[in-house]
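# A closer look at the structure
Residues per chain, in single letters:
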Amino acid sequence: MHDLSEYVQYRCIVGSRAYGLADQGSDTDLRGFYLPPARLHWSLRKLPEQLENVERQECFWELEKLLKLALESNPNVLECLNTPLIQHVSPLASDLLAMRSAFHSKLAYAKYSRYAEQQFGRLSAAREKGDPTNWKHAMHMLRLMIAGTHLLRYGEVLVDVSEFRERLLEVKRGKVSWGEVEAWRSALQSQLDSAYMFTELPEKPDREAVDAFLIGARMSMADA
């Protein structure tokens, strides 16, 4: 099997280090995308949608997969494209970063709200069964709601949440009550709802611009 890692176009750090929430036990999570040569893409060989190495905490989506997820306002992919911690960016990746706003739309409201609701449901169900509360997941639920509200209000993806660092880390360490978490979640949901009502983001992302970028990217790899 051809080593596809050489075709990684974009490599960045996400997770707690990018969020401004890292502590001594935090991993360094690497994300990004790869673009295979056309000869590999066109062959009978089925290329993976992502290159993943669990030991190295890294995952690189194939470009088309990354673009589709970004068009759906997938928080993980939007954070990948907006993290301030970039290790490698090719000219092609630089062009993609320059058009990040093409992915921003009102779809973010449903996506971020659903993720937070699902996480809250899992946390609540665990508590009802008497299982330990996963406070780290509770922290990231709240962080996600903060980020979603910011995107809807200002049209930009918030990755670094250092402004909320101490309070979020108190949640992660279990230093607050579940009632306080519920109250903060409820307040954040109200903010998220309000941001959606007044957002200036378009109804849908700019699929035409993204499609044109993908076609151009594929063509650029025809002779690779």
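Bear in mind that the values here come from a model prediction, so they are computed numbers and not experimental data.

### Digging into the nonpolar core
Counting residues in hydrophobic clusters, the biggest one holds 62 residues, and the most contacted among them are Leu 63, Leu 67, Leu 81, Leu 96, Phe 103 and Val 171. Broken down by element, this core gets its largest block of residues, 11 residues, from helix α7 (residues 135–154). Contacts of Val 171, omitting those with residues within four sequence positions, involve Trp 135, Ala 138, Met 139, Leu 142, Val 176, Val 181 and Trp 184. Core analysis: the next-biggest nonpolar cluster, separate from the first, contains eight residues, Leu 4, Tyr 34, Leu 40 and Leu 51 among them.

### Thoughts on helix α3 (residues 63–71)
All buried positions along α3 are accounted for by Leu 63, Leu 66, Leu 67, Leu 69, Ala 70 and Leu 71. Trailing α3 by a residue or two, Ser 73 shows a phi angle of about 65°, which is positive.

### Description of the layout of surface pockets
Roughly 680 Å³ of internal volume is contained in the largest pocket. At the level of elements, α1 (16–19), β2 (29–34), α4 (75–82), α6 (107–128) and α7 are the ones that each hand at least two residues to the lining of the largest pocket. Considering every element that reaches the lining of the largest pocket, the biggest residue donor is α7, with six residues. Of the residues assigned to the lining of the largest pocket, the class counts are eight nonpolar, 10 polar and eight charged. By volume, the second largest pocket is sized at about 220 Å³. Along its surface, the second largest pocket is lined by 13 residues, and His 41, Leu 47, Glu 49, Glu 62 and Glu 64 are the ones closest to its centre.

### Some details on the sheet that holds β2
The sheet built from five strands is open, its strands ordered β3-β4-β2-β1-β5 with mixed pairing. Lying at the two open borders of the sheet, with one neighbouring strand each, are β3 (50–53) and β5 (86–89). On average, each strand axis in the sheet is tilted by 15° relative to the strand beside it, whichever way the strands run. As paired elements, strand β1 (residues 8–14) and β2 share six bridges and run antiparallel to each other.

### A few points about the packing of α3 against helix α10 (residues 207–220)
Where α3 meets α10, the closest approach of the two axes is 11 Å, and the angle between their N-to-C directions is 175°. Between α3 and α10, the angle is such that the two are roughly antiparallel. Here Leu 63, Glu 64, Leu 67 and Leu 71 of α3 lie close against α10, whose contacting residues are Arg 207, Val 210, Phe 213, Leu 214, Ala 217 and Arg 218. When grouped by side-chain class, the residues that make up the contact of α3 with α10 number seven nonpolar, no polar and three charged.

### Side note on the state of the cysteines
Working definition of a disulfide: a covalent bond connecting the sulfur atoms of two cysteines. Enumeration over the complete set of coordinates arrives at zero disulfides. Of all cysteine sulfurs in the structure, the one in Cys 80 sits closest to Cys 59, which takes part in no disulfide; the separation is 8.9 Å. No disulfide involves Cys 80; its sulfur sits 3.7 Å from that of Cys 12, the nearest cysteine. On the basis of relative accessible area, Cys 80 is assigned to the buried category, the value being 0%.

### What to know about the pattern of salt bridges
Opposite charge on two side chains permits pairing when their charged atoms draw close. Across all of its chains, the model carries 10 salt bridges by this definition. The salt bridge involving Lys 65 is made with Glu 49; its shortest N-O contact spans 3.6 Å. In this pair, Lys 65 sits in helix α3 while Glu 49 sits in the loop between α2 (38–42) and β3, placing the two residues 16 residues apart along the sequence. Across the pair Glu 166 and Arg 165 runs a salt bridge whose closest N-O atoms are separated by 3.7 Å. Assessed through its relative accessible area of 53%, Glu 166 is described here as exposed. A network of salt bridges, in which partner residues are shared, links Glu 62, Glu 64, Lys 68 and Arg 218.

### Description of the packing of α7 against helix α9 (residues 178–198)
Running from N to C, α7 and α9 point in directions that differ by 20°, and their axes come no closer than 8 Å. If you check the angle between α7 and α9, you find them roughly parallel. For the pair α7 and α9, the sense of crossing is left-handed. Residue-level contacts link Trp 135, Met 141, Leu 142, Met 145, Ile 146, Gly 148, Thr 149, Leu 152 and Arg 153 of α7 to Trp 178, Val 181, Trp 184, Arg 185, Leu 188, Gln 189, Gln 191, Leu 192, Ala 195 and Tyr 196 of α9. Looking at the contact of α7 with α9 residue by residue, the classes come out as 13 nonpolar, four polar and two charged.

Procedures and definitions
Residues numbered from 1 in each chain as written. Predicted model: local features only at pLDDT ≥ 70, side-chain atom pairs only at ≥ 80, totals over all residues. Heavy atoms only, no water. Core = buried A, V, L, I, M, F, W, Y, C linked by side-chain atoms within 4.5 Å. Buried < 20%, exposed > 50% of the residue type's maximum accessible area, 1.4 Å probe, protein only. Helix = DSSP H or I, 4+ residues; strand = E, 2+ residues; numbered from the N terminus. Contact = heavy atoms within 4.5 Å. 1 Å grid on protein atoms, 1.4 Å probe; cavity = no way out; pocket = protein on both sides within 12 Å on 5 of 7 lines; lining within 4 Å. Points joined across faces, edges and corners; volume = space filled by probe spheres on them. Nonpolar A, V, L, I, M, F, W, Y, C, P; charged D, E, K, R; others polar. Pairing = 2+ DSSP bridges. Axes fitted to C-alpha atoms, helices over the stretch in contact; angles between N-to-C directions. Parallel < 35°, antiparallel > 145°, perpendicular 65-115°, else oblique. Disulfide = S-S within 2.5 Å. Salt bridge = Lys/Arg side-chain N within 4 Å of Asp/Glu carboxyl O. Left-handed = near helix turned anticlockwise from the far one by under 90°.

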